[in-house]
Amino acid sequence: MTKKKSLKSALHEVEGIQQPATTNDSSIKKVKLERRKQPSEKEFVKKIIEGDISYLSRAITLIESTNPNHQKKANTILEQCLPFANKSIRIGITGVPGVGKSTFIEAFGKYFTNKGQKVAVLAIDPSSSINKGSILGDKTRMEELVKDQNAYIRPSPSGSSLGGVAQKTRETIILCEAAGFNVIFIETVGVGQSEIAVHSMVDFFLLLKLAGAGDELQGIKRGIIEMADAIVINKADNDNVKRAELAKNEFTRALHLYPPKDSNWQPQVTTCSAFYNKGIDTVYKIINTYFSLTKSNGYFEKQRNNQNNYWFLETINYQLITNFYNKKEVKESLKKYKEDIKNLKTTPFKAAQEILKLSKK
């Protein structure tokens, strides 16, 4: 019997692809080293102030990192960028999923950039409660704005942060302002009436609604609606125009039932079609009127100061919690008490009291 000749697959035919003779090994090593090399804080700040988008993005990544070394460097960069910040208007934009936030922000952002403004969009993507991942797909939705040289879009995952914003959104605003962006949009995840944290970091709070999403009674419910400085009924086009006008009238009546705002501003309601770029100019005029009023009566500055105090205390709370859970004895005790709770040896409340005693040590 003749022995069969073993056949080699295509994978075995060629051992590997040789590097072309023109490739310079030393150049490759140099490029790799440059990529691994972290710029100094001074270089980061210099490049950010010059408007270098690459360095801005890298600095935001440092801020979002949980690595203690990264945090130390990020804090230094923030402190040195602070004198160049606070020269923008900050606009929070929220609404339920499907209301057309990305389409509206693209149309609205283009309206600003066409007037010579520099726009930064901080788009917060909801993180999965199962695998903690986020799609971060807002750039693909804003095809025109992403190509605009006067616009910058930064998607960030919401993570475990409540209130519709990412944990480090506040710090990201400072870096974007230092980079020369004078209009900051914060697009929130759109989770409903619990989405309130964004209100504590913006100057103007805009709520997008859809026609037919609720009657006047829905409009007077406490929560996110009473915080809105303007309500915009989106998708007011084609056969939806009449329904949008009806919704506008209902929300206008509802808003008049609220007590006056500290800013002396009466929230406005309007309609628009972001898809067809209609009504965007009206929204722009409303926002300009708001800023003219609040800057003249002192509310704008007062609100910024209140927000700084709020985030000062919030940062302390966040750091206290982080430091507590990072304690070695707390980590060890958590494992023990979780097992005790599982085996019904103690209650969650008793275990919590015991764990909290460790904070006094």
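Higher on the page you've got the structure.
A few words now on the pairing of strand β5 (residues 204–210). Taking burial as the measure, the seven residues of β5 include six buried ones, the bulk of the element. As defined by bridge partners, strand β1 (residues 89–94) adjoins β5 across four bridges and the pair is classed as parallel. For Thr94, the partnering residue across the bridge sits in β5 and is Leu207.

The next thing to look at is the nonpolar core. Formed by 46 residues in total, the largest nonpolar core has its most connected members in Ile48, Leu175 and Ile231. No other element matches helix α4 (residues 53–64), which puts six residues into this core. If we ignore the near neighbours within four places in the chain, the residues touching Ile231 are Leu207, Lys209, Ile225, Phe251, Leu255, Gln268, Val269 and Thr270.

Our focus in this paragraph is the packing of aromatic side chains. With the rule as written, the count across this model stands at 16 aromatic pairs. With 5.5 Å between their ring centres and 5° between their planes, Phe108 and Phe185 make a pair best called stacked. Of this pair, Phe108 sits in helix α6 (residues 101–113) while Phe185 sits in strand β4 (residues 183–187), placing them 77 residues apart in sequence. A relative accessible area of 0% means that Phe185 is categorised as buried. Between Phe291 and Phe300, the aromatic rings sit 6.0 Å apart at their centres with planes inclined by 70°, giving edge-to-face as the arrangement. Take Phe291 and Phe300: they sit in the same class, and that class is buried. Put simply, the rings of Phe104, Phe108, Tyr111, Phe112, Phe185 and Tyr284 touch in pairs and so form one group of aromatic residues.

Moving on, we come to the packing of helix α3 (residues 41–49) against helix α5 (residues 68–81). In the contact formed by α3 and α5, the axes pass within 9 Å of each other and the chain directions differ by 45°. Considering their axes alone, α3 and α5 lie oblique with respect to each other. Here α3 and α5 pass one another in a crossing that is right-handed. Here α3 contributes Glu41, Lys42, Phe44, Val45 and Ile48 to the contact with α5, which in turn contributes Lys73, Thr76, Ile77, Gln80 and Cys81. Considered class by class, the residues forming the contact of α3 with α5 number five nonpolar, two polar and three charged.

This part takes up the layout of surface pockets. Of the pockets and cavities examined, the second largest pocket occupies roughly 480 Å³. Among the elements of the structure, β5, α11 (224–227) and α14 (299–325) are those that each provide at least two residues to the lining of the second largest pocket. For the lining of the second largest pocket, the leading source of residues is α14, giving four residues.

Here we take up the environment of Ile89. Secondary-structure assignment places Ile89 in strand β1. Each C-alpha atom, one on Ile89 and one on Asp203, is 6.5 Å from the other, the two residues being 114 residues apart in sequence. Ile89 has contacts with Phe112, Asn182, Val183, Ile184, Asp203, Phe291, Lys295 and Arg304, leaving out every residue within four places of it along the chain.

An α-helical turn contains 3.6 residues, so any two residues separated by three or four positions project in the same direction. Taking 1.5 Å of rise per residue, 27 residues should cover 39 Å, and α14 covers 39 Å from first to last C-alpha, within 8% of that figure. The complete set of buried residues in α14 reads Tyr299, Phe300, Gln303, Arg304, Gln307, Trp311 and Phe324. Buried positions along α14 lie against β1, α9 (169–178), α13 (280–296), α15 (328–342) and α16 (348–356).

Attention now goes to the pattern of salt bridges. Once their charged atoms are close, side chains differing in charge can pair, the charge on each being opposite to the other. This model, assessed by the stated rule, comprises nine salt bridges. Notably, a salt bridge pairs Glu144 with Lys147, separated by 3.7 Å at the nearest N-O pair. The partly exposed category is assigned to Glu144, whose relative accessible area is 45%. Taking the relative accessible area as the measure of exposure, Lys147 reaches 60% and is therefore exposed. Of the charged contacts, one joins Glu354 and Lys350 as a salt bridge, the two residues approaching to 3.4 Å between their closest N and O atoms. Taken together, the positions of Glu354 and Lys350, both in helix α16 and four residues apart, correspond to about one turn of that helix. For Glu354, a relative accessible area of 23% puts it in the partly exposed group. It is possible to trace a salt-bridge network through shared partners that takes in Lys350, Glu354 and Lys357.

What counts, and at which threshold
Residues numbered from 1 in each chain as written. Predicted model: local features only at pLDDT ≥ 70, side-chain atom pairs only at ≥ 80, totals over all residues. Heavy atoms only, no water. Buried < 20%, exposed > 50% of the residue type's maximum accessible area, 1.4 Å probe, protein only. Helix = DSSP H or I, 4+ residues; strand = E, 2+ residues; numbered from the N terminus. Pairing = 2+ DSSP bridges. Core = buried A, V, L, I, M, F, W, Y, C linked by side-chain atoms within 4.5 Å. Contact = heavy atoms within 4.5 Å. Phe/Tyr/Trp six-rings, centres within 6.5 Å; stacked < 30°, edge-to-face > 60°. Axes fitted to C-alpha atoms, helices over the stretch in contact; angles between N-to-C directions. Parallel < 35°, antiparallel > 145°, perpendicular 65-115°, else oblique. Left-handed = near helix turned anticlockwise from the far one by under 90°. Nonpolar A, V, L, I, M, F, W, Y, C, P; charged D, E, K, R; others polar. 1 Å grid on protein atoms, 1.4 Å probe; cavity = no way out; pocket = protein on both sides within 12 Å on 5 of 7 lines; lining within 4 Å. Points joined across faces, edges and corners; volume = space filled by probe spheres on them. Expected span 1.5 Å × (residues − 1). Salt bridge = Lys/Arg side-chain N within 4 Å of Asp/Glu carboxyl O.

Function cannot be inferred from these measures alone, as they are strictly geometric.
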